[in-house]
Amino acid sequence: MFELKSYLNEKRQWINGALEAQLTAATVPGRLADAMHYAVMAGGKRLRPILCTAAAEAAGGPWNEPALLLSACSLEFIHTYSLIHDDLPAMDDDALRRGKPTCHMAFDEATAILAGDALLTLAFEVLTSGFASSGGPPAADWLRVIRHISQGAGARGMVEGQMRDLASEGLSLSLEALEALHGLKTGALIRASVAAGATLGRAEREQADALDTYARHIGMAFQVADDILNVTGDAALMGKAVGTDQARGKNTYPGLMGLAEAGEKARIHVESALGALDRFDSRADPLRAIARYVIERKR
Ligand code: GRG
């Protein structure tokens, strides 16, 4: 029987070691390096890196190749940069993240902006370092990975989602517009994480499409669950403030359809994600367990 808790702990340890090593190698000691290190190593579930390695495993590849480790680090650097910038006074103005003062509170606003910038840049430096290693994936695969990640993170993905999120504060979005917003803000990097893993795991076309369907659904389930936790969650467990969405006039699933219906929506997305994995064998069990965890999580 697959045991998710020990699986997640093992992967987190592996990823945390790699993140430490990459940060040490890529920075010069000083305030910028301290702020980058502070934000990345403040905790976090490492969901995107784990999805990347689990997707490679589901496709039949090894999960622990150096190329996957580089992609996993890159995804976490991008995710952490987005959290640092999201917490800034110009955006969501949050004081607590991952159970600790946000980067701009622990350092200052300018340092937090630069730490985010440097992490975004480092993400791509780390990816390109994969080209240099012999015996790794072919260059064409690396280019595909870089394309998935840059598209997921950028102006057709997460950044556009953030823009829509900020622009729609205080306005009433339709369900369709809300889903499009979250598909970009939260979903695009999750899809990129799975697509990167599928590429490096040498997934066949059909497998890659099924994995993308899985990723789309867990991205939505993750966001609905996040909205629900913002209403019902425990701030101490989550390491960030709750009730903030309503206070800021954010469009959320519970706000639009009520808590019970939002919970049902998340559950349906998880079922659809699991359905997309029907043709996969037990090597997709980690992805299956992660799909369930996405809505059962308390943080
Ligand atoms: C600033 C370009 C830019 C984008 C910000 C990630 C994001 C976009 C905003 C964060 C706000 C938010 C609550 C989004 C909902 C889903 C989400 C991404 C939650 C945070 O991710 P977790 O739960 O965080 O994976 P940890 O700390 O576990 O890594």
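Residues numbered from 1 in each chain as written. Predicted model: local features only at pLDDT ≥ 70, side-chain atom pairs only at ≥ 80, totals over all residues. Heavy atoms only, no water.

A.B. asks: Pulling in residues and values, what's your account of the site of the ligand?
C.D. replies: In the vicinity of the ligand, 20 residues are found, and the nearest of them are Lys 45, Arg 48, His 79, Arg 98 and Gln 223. The side chain of His 79 places a nitrogen or oxygen atom 2.8 Å from an oxygen atom of the ligand. The side chain of Arg 98 places a nitrogen or oxygen atom 2.7 Å from an oxygen atom of the ligand. For the ligand, whose free accessible area comes to 700 Å², the fraction covered by protein is 92%. Those elements that place two or more of their residues in the shell around the ligand are α4 (66–86), α8 (158–167), α9 (175–200) and α10 (205–232). With 6 residues, α4 is the single largest residue contributor to the shell around the ligand. Of the residues assigned to the shell around the ligand, the class counts are 6 nonpolar, 7 polar and 7 charged. (Near = heavy atom within 4 Å. Polar contact = N/O pair within 3.5 Å; in protein donor to acceptor, adjacent residues only side chain to side chain. Areas by Shrake-Rupley, 256 points an atom, 1.4 Å probe, with all protein chains shown as cover. Helix = DSSP H or I, 4+ residues; strand = E, 2+ residues; numbered from the N terminus. Nonpolar A, V, L, I, M, F, W, Y, C, P; charged D, E, K, R; others polar.)

A.B. asks: Provide a residue-level description of the pattern of salt bridges, including the pertinent values.
C.D. replies: Taken as a whole and assessed by the stated rule, the structure comprises 24 salt bridges. A salt bridge links Glu 65 to Arg 202; the shortest N-O distance between them is 3.7 Å. Placement of Glu 65 in the loop between α3 (47–58) and α4 and of Arg 202 in the loop between α9 and α10 is noted, with a sequence separation of 137 residues between them. Relative accessible area serves as the criterion here: at 19%, Glu 65 is assigned to the buried category. The closest approach of N and O atoms between Glu 76 and Arg 98, which form a salt bridge, is 2.9 Å. Residue Glu 76 is found in helix α4, and its partner Arg 98 is found in the loop between β1 (96–97) and β2 (100–101); the two are separated by 22 residues along the sequence. (Salt bridge = Lys/Arg side-chain N within 4 Å of Asp/Glu carboxyl O. Buried < 20%, exposed > 50% of the residue type's maximum accessible area, 1.4 Å probe, protein only.)

A.B. asks: Requested: an account of the state of the cysteines, with residues and values cited.
C.D. replies: In the structure shown here, the tally under the stated rule is 0 disulfides. Of the cysteine sulfurs around Cys 52, a residue in no disulfide, the closest is that of Cys 73, at 10 Å. Exposure remark for Cys 52: the relative accessible area of 0% places this residue in the buried category. Here Cys 103 stays free of any disulfide, with the sulfur of Cys 73 as its closest cysteine sulfur at 18 Å. (Disulfide = S-S within 2.5 Å.)

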